[in-house]
Amino acid sequence: MNIAYLISAHTDAPQLKRLVEALHMDAHFFIHIDAKSDITPFTSIIKGDNIHFISKRYDVRWGTIIEVWYQMQLIKAAIDYPLSFDRIFFLSGMDYPLWSNERITQYLEGIGDKEILMGVDMTHPQTSGQQHDLYTTARPFFNISFLSNKANERLGILSRRILRAVGYRKSLTLPNGWTLYKGSAWWCISEPLAQHILSVFQDNKQVTQYFRSSFGSAETFIQTAAMNDPAWAERCIIAEGPYTTLADLTPLHFIDYVPVIKVMDESDYSRLMESGRMFTRKLLSGKSDKLVEMIENGRH
């Protein structure tokens, strides 16, 4: 089975190195390093014919369309590579596998044409007021080259406040009639679905323009592109009911987001291994080292 791991990272090169080394030795790794970060600590210790640091790097601003841009750049790098991939994962550099590579392969071979991409319909009538507000608030995105990130962000905030003041709200139905779906930014899909998603991004400007002013589009664009296509929707995991928590929409990963994302350590080992999830996040060099040692003993 040919596997590609798409990874976004911005810090902690040693943690990214141990993530890569823990995964399939014959897999290919396509890695985006935030343009704000020095790439040298990463490229100096993570090497190999199967390691591909993508040259087009973005200065990432969390929650903006820039996150979709680097997602698409990573997908394109994998699709353009002269090898067809059976499965394409998207991970963070601060993730770590809880399953052995053999178990991961067996699982992927056993699910047939199913996609490990989960989402929920954000137009559900019982969607909470908070979530409804997040996704109906227009957040104009500015990326004016001669302005700093801070200045661009301030322009965006000012525009958002003006639009709210005059009563403008984004619809949760896209201009082309699609429904907004939300999931997590960690998934595992087939190459044909990756090609479909990339084609939506490249060819459907009406859709990409909608997400340019959306909140957290890294967790909605891919789900929306896949789940509004009946053929792909059948293969994806569409959650019933309204949005609950991000953890409920993250089938691959164990995450602890209450009240903020937790850095895992050895005290979390039992609940990680009992979770049944394939990966966990978030790990940090210096704090999670003992946990990694315990996981490795359990994985093998």
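Look a little higher up for the structure.
Here the structure is a predicted model, which is why all the values come from computation and not from measurement.

I tried to follow the sheet that holds strand β3 (residues 51-53) on my own but got confused; where do I start?
Note on sheets: strands pair through backbone hydrogen bonds, and any given pair is parallel or antiparallel. Strand order in this open sheet of five strands is β3-β2-β1-β4-β8, and the pairing throughout is mixed. The sheet terminates laterally at β3 and β8 (187-189), the two strands that pair on one side only. Along the sheet, successive strands turn relative to each other by an average axial angle of 20 degrees, direction set aside. By the bridge criterion, six bridges tie strand β1 (residues 3-9) to strand β4 (residues 87-92) in an arrangement that is parallel. Within β4, the position partnered with L6 by the bridge is F90. Across the sheet, helix α1 (residues 13-22) lies against β1, β2 (28-33), β3 and β4, angled at about 170 degrees from β1, the strand it touches most.

Quick question: what am I supposed to make of a nonpolar patch on the surface here?
On the surface, a cluster of nonpolar side chains totalling about 410 Å² of accessible area is made up of L158, I162, V166 and Y168. Its place among the elements puts Y168 in the loop between α6 (149-165) and β7 (181-182). Here Y168 falls in the partly exposed class, since its relative accessible area comes to 43%.

I would appreciate a short explanation of the environment of R160 in the present structure.
Position of R160 relative to the elements: it lies in helix α6. Separated by 103 residues in the primary sequence, R160 and V263 place their C-alpha atoms 32 Å from one another. Apart from the residues lying within four places of it in its own chain, the contact partners of R160 are T137, A138, R139 and P140.

Quick question: what am I supposed to make of the pattern of salt bridges here?
If charged atoms from side chains of opposite charge come close, those side chains can pair. A complete count under the given rule lists 17 salt bridges for this structure. With a shortest N-O distance of 3.1 Å, D133 and R164 are connected by a salt bridge. Highlighted residues: D133 in helix α5 (residues 129-136) and R164 in helix α6, separated in sequence by 31 residues. For D133, a relative accessible area of 29% gives the class partly exposed. Put simply, D256, K262, D268 and R271 are held in one network by salt bridges that share partners.

Got a minute to help me understand the pairing of strand β6 (residues 118-121) in this structure?
One face of the sheet, then the other: side chains in a regular strand alternate in exactly this way. Sheet analysis places β6 next to strand β9 (residues 237-239), joined by three bridges and oriented parallel. Along β9, the bridge assignment pairs G119 with I238. Sheet analysis places β6 next to β7, joined by two bridges and oriented antiparallel. Note that in β7 the partner of D121 across the bridge is Y181.

Can you walk me through the nonpolar core in this structure?
One finds L6, I88, L117, W187 and F221 to be the most contacted residues of the largest nonpolar core, which totals 53 residues. Ranked by residue count, the leading element in this core is helix α3 (residues 66-80), at nine residues. In contact with L117, other than residues within four places in its own chain, are W187, I189, L193, I222, Q223, A226, M227, C236 and I237. The next biggest cluster of nonpolar side chains, apart from the first, holds 37 residues, and it includes I46, I111, C188 and F279.

Looking at this structure, I do not really get the sheet that holds β7. What am I missing?
The mixed open sheet is built from three strands, whose spatial order is β7-β6-β9. In this open sheet, the two strands that pair with only one neighbour each are β7 and β9.

Cut-off values and rules
Residues numbered from 1 in each chain as written. Predicted model: local features only at pLDDT ≥ 70, side-chain atom pairs only at ≥ 80, totals over all residues. Heavy atoms only, no water. Pairing = 2+ DSSP bridges. Helix = DSSP H or I, 4+ residues; strand = E, 2+ residues; numbered from the N terminus. Axes fitted to C-alpha atoms, helices over the stretch in contact; angles between N-to-C directions. Contact = heavy atoms within 4.5 Å. Patch = residues over 30% accessible without salt bridge, like charges linked within 9 Å, V, L, I, M, F, W, Y side chains within 5 Å. Areas by Shrake-Rupley, 256 points an atom, 1.4 Å probe, with all protein chains shown as cover. Salt bridge = Lys/Arg side-chain N within 4 Å of Asp/Glu carboxyl O. Buried < 20%, exposed > 50% of the residue type's maximum accessible area, 1.4 Å probe, protein only. Core = buried A, V, L, I, M, F, W, Y, C linked by side-chain atoms within 4.5 Å.

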